Amino acid sequence: MEEMEIRTLRYFLAAAREENMTRAADQLHVTQPTLSKALKALEDELGKKLFVRHSFSIALTEEGMLLRDRAEDLVSMADKIEKEFLSLDEVTGGELFLGLAESWQIRYLAREIRQLKNRYPGLTYHITSGDTEQVTEKLDRGLLDFAVLCETPDPRKYESLLFPEADIWGVVMPSDHPLTQKETISVDDLIGVPLFTSEQGWKHDLPRWCGEHLEKLRMEGSFRLSYNASMFVREGLGLQLTFAHLVDTSSESGLVFRPLSPPLETKLYLIWNRYQTLTPMAERFLQQVSSHFHS
């Protein structure tokens, strides 16, 4: 898009966010007639009505909601491109955009970023958390430099490095639960028990552990964040299947972790788009982690 078109999308997003033309114009430091004219031209160009105008407010139409989602991506991409070119001549700075799965091994990544930050004090980094679907979607759209996955990446699309260790699966339960008397938890122990885990873990990891016996288990609810699931466990609503070290199970927490039997492990991968040119800072980051991670 040309500069004028990106600027028009910024106008549109401000109006959508504020739901008021006057406030949006003030935020953008333009006059209200200028903003109204730009948005009317955008509606004419697209041939769709984007706003429903009320006396003192505006609301997005269905078409406006669709454009908002697309415009946020386009503006983010424009900002990222601009910053990438600004960073080409910077010796001490640059930006990294990472999408991360939940794992205690993220500490390895944090350690590498700390060392890189020591070498390039102007480095800034932006972290998005999510499951495989969420982070790969942003990576595919060019909004991220790297992503961390808890499942084997598609080698046709991504280059990857393997984290130094694997994550161990287990059960988080209240400290007074009868199963705390066991050192490990088998699939038979969980039959009839309401369970919390992620959709990704239920579909891709747990079948590796219990095979066809998975149909005997009951998922009470799915969570993308382990901490939130642990709050439901604390209230006695069920048990949680998750990685070790993601939930506080110290003696003061009221929760206990027990590993699965037979053991279930999940490997963690740092990935990047095979066909995306890395920024100078992303290249430096990749050089940094390659000496400690495995290809």
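Residues numbered from 1 in each chain as written. Predicted model: local features only at pLDDT ≥ 70, side-chain atom pairs only at ≥ 80, totals over all residues. Heavy atoms only, no water.

It is worth spelling out the overall build of the protein at this point. When its secondary structure is counted, the protein shows 10 helices and 11 strands. C-alpha atoms of the protein, sized along the principal axes, occupy 70 × 50 × 40 Å. Scored against the burial criterion, the 295 residues of the protein give a buried share of 45%. Of the contacts formed within the protein by residues at least 6 apart in sequence, a portion of 73% connects residues at least 24 apart. Looking at the protein as shown, the accessible area adds up to about 16,000 Å², and 51% of this sits on carbon and sulfur atoms. Counting 33 positive and 46 negative side-chain charges, the protein places the averaged centre of each group 2 Å from the other. (Helix = DSSP H or I, 4+ residues; strand = E, 2+ residues; numbered from the N terminus. Buried < 20%, exposed > 50% of the residue type's maximum accessible area, 1.4 Å probe, protein only. Contact = heavy atoms within 4.5 Å. Areas by Shrake-Rupley, 256 points an atom, 1.4 Å probe, with all protein chains shown as cover. Lys, Arg positive; Asp, Glu negative; His and termini not counted. Charge placed at Lys NZ, Arg CZ, Asp CG, Glu CD.)

We now examine the packing of helix α2 (residues 21-28) against helix α3 (residues 32-46). The axes of two packed helices give the description: the angle between them and the distance between them. Running from amino to carboxyl end, α2 crosses α3 at an angle of 105 degrees, the nearest separation of the two axes being 9 Å. One element, α2, and the other, α3, form an angle in the roughly perpendicular class. For the pair α2 and α3, the contacting residues are M21, T22, A24, A25 and L28 in the first and Q32, L35, S36 and L39 in the second. (Axes fitted to C-alpha atoms, helices over the stretch in contact; angles between N-to-C directions. Parallel < 35°, antiparallel > 145°, perpendicular 65-115°, else oblique.)

This paragraph deals with the pairing of strand β8 (residues 218-222). Relative to β8, strand β7 (residues 194-197) runs parallel, the two sharing 4 bridges. Counterpart to T197 in the pairing with β8 is S222. Regarding topology, helix α8 (residues 199-210) serves as the crossover connection from β7 to the parallel β8, and that connection is right-handed. (Pairing = 2+ DSSP bridges. Right-handed = clockwise from strand over helix to strand, strands pointing away.)

A separate point is the pairing of strand β10 (residues 255-259). Both faces of the sheet carry side chains from a regular strand, because those side chains alternate between them. Of all 5 residues in β10, 4 are buried; the element is thus mostly enclosed. As paired strands, strand β6 (residues 158-174) and β10 are joined by 5 bridges and run antiparallel to one another. Within the sheet, the bridge partner assigned to G170 lies in β10 and is P259.

Inspection of the entire model under this criterion finds 9 aromatic pairs. Ring pairing ties together the aromatic residues F146, W272 and F285, which thus form one cluster. Between R107 and the ring centre of Y108, over which it is positioned, the NZ or CZ distance is 5.2 Å. Cation over ring: R284 sits above Y120, and NZ or CZ is 4.8 Å from the ring centre. (Phe/Tyr/Trp six-rings, centres within 6.5 Å; stacked < 30°, edge-to-face > 60°. Lys NZ or Arg CZ within 6 Å of the ring centre and 35° of its normal.)

Here the structure, examined in full by the defined rule, presents 0 disulfides. Residue C150 stays outside any disulfide, its sulfur separated by 18 Å from that of C210, the closest cysteine. A relative accessible area of 11% places C150 in the buried class. Residue classification places C210 among the buried residues on the basis of a relative accessible area of 7%. (Disulfide = S-S within 2.5 Å.)

A few words now on α3. When the terminal C-alpha atoms of α3 are compared, their 21 Å separation across 15 residues agrees well with the 21 Å that a helix rising 1.5 Å per residue should span. Just past α3, the residue G47 takes up positive phi, approximately 70 degrees. (Expected span 1.5 Å × (residues − 1).)

This brings us to helix α6 (residues 132-140). Within α6 the residues assigned to the buried category are T132, V135, T136 and L139. For α6, the buried positions fall inside an angular range of 95 degrees around the axis, keeping them on one side. Of the residues one or two after α6, G142 is the one with positive phi, at around 80 degrees. (Arc of directions from axis to C-beta.)

Turning our eyes to something else, we now look at the side chain of Q288. Along the chain, Q288 turns up in helix α10 (residues 280-290). Separated by 3.1 Å, the side chains of Q288 and E112 make a polar contact. A polar contact of 2.8 Å, which involves the side chain of Q288, links it to the side chain of Q115. (Polar contact = N/O pair within 3.5 Å; in protein donor to acceptor, adjacent residues only side chain to side chain.)

What follows deals with the nonpolar core. Ranked by size, the top nonpolar core spans 48 residues in total, and within it F146, L190 and F285 carry the most contacts. Once residues within four sequence positions are removed from consideration, L190 is found in contact with V171, L179, I185, L195, W209, L217, L239 and L241. Within the second largest apolar cluster, 21 residues are counted, among which are L9, A14, M21 and A25. (Core = buried A, V, L, I, M, F, W, Y, C linked by side-chain atoms within 4.5 Å.)

Another point: the packing of helix α5 (residues 106-119) against α10. With their axes 10 Å apart at the nearest point, α5 and α10 run at an angle of 120 degrees to one another. When the axes of α5 and α10 are compared, the pair comes out oblique. Crossing handedness for the pair α5 and α10: right-handed. Residue-level inspection shows L109, E112, I113, Q115, L116 and R119 of α5 in contact with α10, the latter providing M281, R284, F285, Q288 and V289. (Left-handed = near helix turned anticlockwise from the far one by under 90°.)

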